[in-house]
Structure formats: structure tokens, C-alpha cells
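Structure at a glance
Given next are the chains, with one letter for each unit.
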Amino acid sequence: MPITGPRTDTAAPTSSSRPGARRHAGRAAVAAAVLVTLSGCGVDQINEQYGSRGGFGGDSINGTSVLGQMFKNAGHRVRSVNRLYPRVQNADVIVWFSNSFEAPSPEAQAWLDDWLLNSDEGKTLIYVSRDYSAGELYWSTTKPLAPAGQKGEYAKRLRESRSWFSSHRSGAPVSADAYGWFSTDRRNSKRVVKQLAGPWAEGVDATKVTIEHRRYLTPDDSAEPLLADGQGRPLVSEIVYAPESWDWRGEDSRLVMVENGSFLLNATLVNKEHRKLAGRLVDHVGPADLEVAFLETGASPLILESDPSDSPPTGYRLLEVWPIGPVLAQVFGLGLVFLLASWPVFGRPRRLDAGSLTDFGRHVDALGRLLAATRDRAYAYAQLRAYFHAGEKD
């Protein structure tokens, strides 16, 4: 029996920092509702892959395809990357949903800091720390809507989702420091935010959000809060990279740090108040026609000195391309099984017996097979009698 997705409100936000956010947030709401509903076509079909915009992870409740669509609807050019290389430096905005509970590696920080500082046009890095999974929200929201016969299964899946997230989170370091960016202090239990403060909180009904604190992200002292909870704990902060030069005439770059994705992932963007906040983030990067790159890696992305080739992958590289890679792997496996099954069995050489052309027994065997092929017993006996009678006459 199919799962009924959570109830959704697809109306556009009533207020926003810019008029454009109202349009792209409303359209993205429909996409969010469809994604969450489709992800619940069956109890065994919930995709919880974290931080991916396309491919298999694009339909995940923990994916970022809806946020990516909001950037597209705002007029930006959006793509995904899984490595850092020179051509990525052409991007105006990098959105990094790290799929690791650890802080960014020093090498990744250095690359991104250099990208932010060495630009006259002004770059924006949006870093979303990972300490959230939409699985618990999904199962707890859909459980009351489940058919009577499936409520027990829904409760089981809710427990499994909590257990899975807790087990993965338990292996993370207690504190994670990204020098010059932020530090984190892991909490043992979640706390739902009930009050919002800061410039982005205007027009947002805090009683309807499901934003969570799992661990506090404390930004560097130079950061300014854009969104905070009722106690002043920052949820979204910004560091402005303004080179100290008397002749500086370029635009300042910015690092936007988000404590977690509890209002930016696919499933959470079904909430209208969350869409308002996501719209503020989209508007914050600047006017339309920017190149936005979603970085989909862990804490230590691979850094290349040169751009990867744009030529189509060949050979074993095809196995790394989704979805053709898994298909080719299965075809290769079946081909290997066929070859092993067809492989000749070798042994000690021996000479096969050559049949004699004067062996009368072979003639008798051949005649017997011909008579048996007729399936006519009477005819066979008649032929045998005729043979023996002919021999008696001779």
C-alpha cells in the first residue's frame, strides 16, 4: 500500500527580502512536495542519501535538488562538482553541503579562502554543516497519515531512522574546528528552535519552523549573524572578505555558514516558512545570471592542479559514471560467468578411436536409428522380416 506524503502548503511566501524570492520559492514548493511524495511510494523506497542535487540522491529527502531549482528559478546557472580544480574558480557561488560530520580539511579551507580573496568580482561560499537528517521528520510527519495496518511499520521505520542517524553521528568528533571559520560543540540531544531573530527572521513565523540545534556552530568573531534563535545562538552567519588595500575597488567576497540543513533540504522545504528562509539565502548571493556550483563531497574534497578532461570517459572510467556504470558492471559480471562456463576442460592428451568404414555393426546401428525414427513398430517388424526372408532365399 503506498505511503501518503505529509500535507503540504504550496502557497508562495507572503514576504521576502526581494520580490524574486517569492516567485522561485513558490515554484520550488511544488517540486519539494512532489519529491517527498514520490520518495514515499512504498515503505521500502525512502531515499535518505545526503547532500546530492542530481542522480540517485536528487530525489532523496536529504537531497538539495529543490534548493538548486530555486537558484535556477532566480536566473542563475547551476551545476554540480565533486572535486576542486581550476575551472571551479570561475564559479560565482559555491554551495557546499558537506556529507561528513567532520570540519573541512585545512587543504579545502585554504583552496576556498584563496578563491574568496583573489577575486575582484566578489565570490560567495555557502557552507552547510552536517548535523541533521530529514528521516526522522519524514517518518514522524507521515506516521499519523499511515493506513491503520501500516502504523506499526511506520513506527519501526521512525526508530530505525533515529538509530541510523545516531550511530553515524556518534562516530563524529565531539568538537570540530575550522580555523578562521567556525568551531562546533556537539550536543547529545536535539533542541527545536521556537524563536528566531536577526535580519532574515522578519516575516517568518517561528512557531511553524522545524529548525533544530544538534550541535552549536560558533562562527569566528568577525562573523555577523543573519539568522539566530531566541537566545541569540547563530543559525546563519556571514564573514565578509574585504582585502585591506587602499586601492581596492572590487566587490567583497562572503562566507555564509549555516549550522545545519534543517530548513534547506528537500523534505524540509515543504514547509512554507523554510522556503522563506531559503529564498533569503538565494537572494543573498546577488543578482541573476551567476554561476552556482554545488560541491558534493565530504570534509576533504579531492583537489586537482589541472582541469579534468571533458572528453567522454572510456574504459574503466565508464564504471564511475551513473547510471551506466552499475549496468556495465553487471554486464561484465554476466560475461565473466559465461566465459567460465564455456571454458574448455583440459586434461592429458589422448587419441580418439577412429571408426572403421568396414564395421558392419555401424550399418546395423544406423538402420536401427532410422527405423526408430519412424515410430511405427509394425513397419519396423515388417522391414526386419523382409530382410531375413531375403537372406533365406539367398
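The structure presented is a predicted model; accordingly, all values stated were derived computationally and were not measured. (Residues numbered from 1 in each chain as written. Predicted model: local features only at pLDDT ≥ 70, side-chain atom pairs only at ≥ 80, totals over all residues. Heavy atoms only, no water.)

Before going further, it helps to examine the packing of helix α4 (residues 135-142) against helix α5 (residues 151-170). It is at 9 Å that the axes of α4 and α5 come closest, and there the two elements cross at 165 degrees. For the element pair α4 / α5, the angle class is roughly antiparallel. Judged by the twist between their axes, the crossing of α4 over α5 is left-handed. Facing G135, E136, W139, S140 and T142 of α4, the residues of α5 in contact are Y154, R157, L158, S161 and R162. (Axes fitted to C-alpha atoms, helices over the stretch in contact; angles between N-to-C directions. Helix = DSSP H or I, 4+ residues; strand = E, 2+ residues; numbered from the N terminus. Parallel < 35°, antiparallel > 145°, perpendicular 65-115°, else oblique. Left-handed = near helix turned anticlockwise from the far one by under 90°. Contact = heavy atoms within 4.5 Å.)

This part is about the sheet that holds strand β11 (residues 253-258). Spatial strand order, β1-β12-β3-β4-β11-β10-β9-β7: eight strands in an open sheet with mixed pairing. If you trace the sheet from one side to the other, it starts and ends with β1 (77-81) and β7 (196-197), each paired once. Alignment of strand β10 (residues 234-241) against β11, held across six bridges, turns out to be antiparallel. What sits directly across from S237, in β11, is M257. With respect to the sheet, helix α3 (residues 106-117) is in contact with β3 (93-97), β4 (124-128), β10 and β11, its orientation differing from that of β3 by roughly 155 degrees. Here helix α6 (residues 272-284) sits on the sheet in contact with β4, β9 (224-229), β10 and β11, set at roughly 165 degrees to β11. (Pairing = 2+ DSSP bridges.)

Looking at the element boundaries, F182 is found in strand β6 (residues 182-192). Spatially, the C-alpha atoms of F182 and D220 are 5.2 Å apart, while their sequence positions differ by 38 residues. Those residues in contact with F182, other than ones at most four positions away along the chain, are P104, Y127, A176, D177, L217, T218, P219, D220 and M257.

So, on to the confidence of the model for the protein. In low-pLDDT segments, the atomic positions of the prediction should not be examined closely. Per-residue pLDDT for the protein has a mean of 82; in total, 80% of the residues score no lower than 70. Within the model, pLDDT remains below 50 along residues 1-23, and this stretch shows 60 contacts once partners closer than five positions in the same chain are excluded. Every residue in residues 36-42 scores below 50 in pLDDT, and together they form 17 contacts with partners more than four places removed in sequence or on other chains. (pLDDT = per-residue confidence, 0-100.)

Time to look at unusual backbone geometry. Peptide bonds are mostly trans, and most non-glycine residues show a negative phi. Within the chain, D289 stands out as a residue other than glycine whose phi angle is a positive 70 degrees. If you trace the backbone, D289 turns up in the loop between α6 and β12 (291-295). A positive phi angle, near 55 degrees, is found at R375, a position not held by glycine. Among the structural elements, R375 can be located in the loop between α8 (360-374) and α9 (377-393). Assessed through its relative accessible area of 80%, R375 is described here as exposed. (Buried < 20%, exposed > 50% of the residue type's maximum accessible area, 1.4 Å probe, protein only.)

Time to look at the packing of aromatic side chains. Enumeration according to the criterion identifies seven aromatic pairs in this entry. Residues F101 and F165 carry aromatic rings whose centres are separated by 6.0 Å and whose planes lie at 55 degrees to one another, so their mutual orientation is tilted. You can see F101 sitting in the loop between β3 and α3 and its partner F165 sitting in helix α5, a full 64 residues away along the chain. Grouping residues by exposure puts F101 and F165 together as buried. Between Y127 and F182, the aromatic rings sit 5.5 Å apart at their centres with planes inclined by 25 degrees, giving stacked as the arrangement. Residue Y127 is located in strand β4, and its partner F182 is located in strand β6; the two are separated by 55 residues in the primary sequence. Note on accessibility: Y127 and F182 belong to one class, buried. Among the aromatic residues, those joined into a ring-pair cluster are W96, Y127, W181 and F182. (Phe/Tyr/Trp six-rings, centres within 6.5 Å; stacked < 30°, edge-to-face > 60°.)

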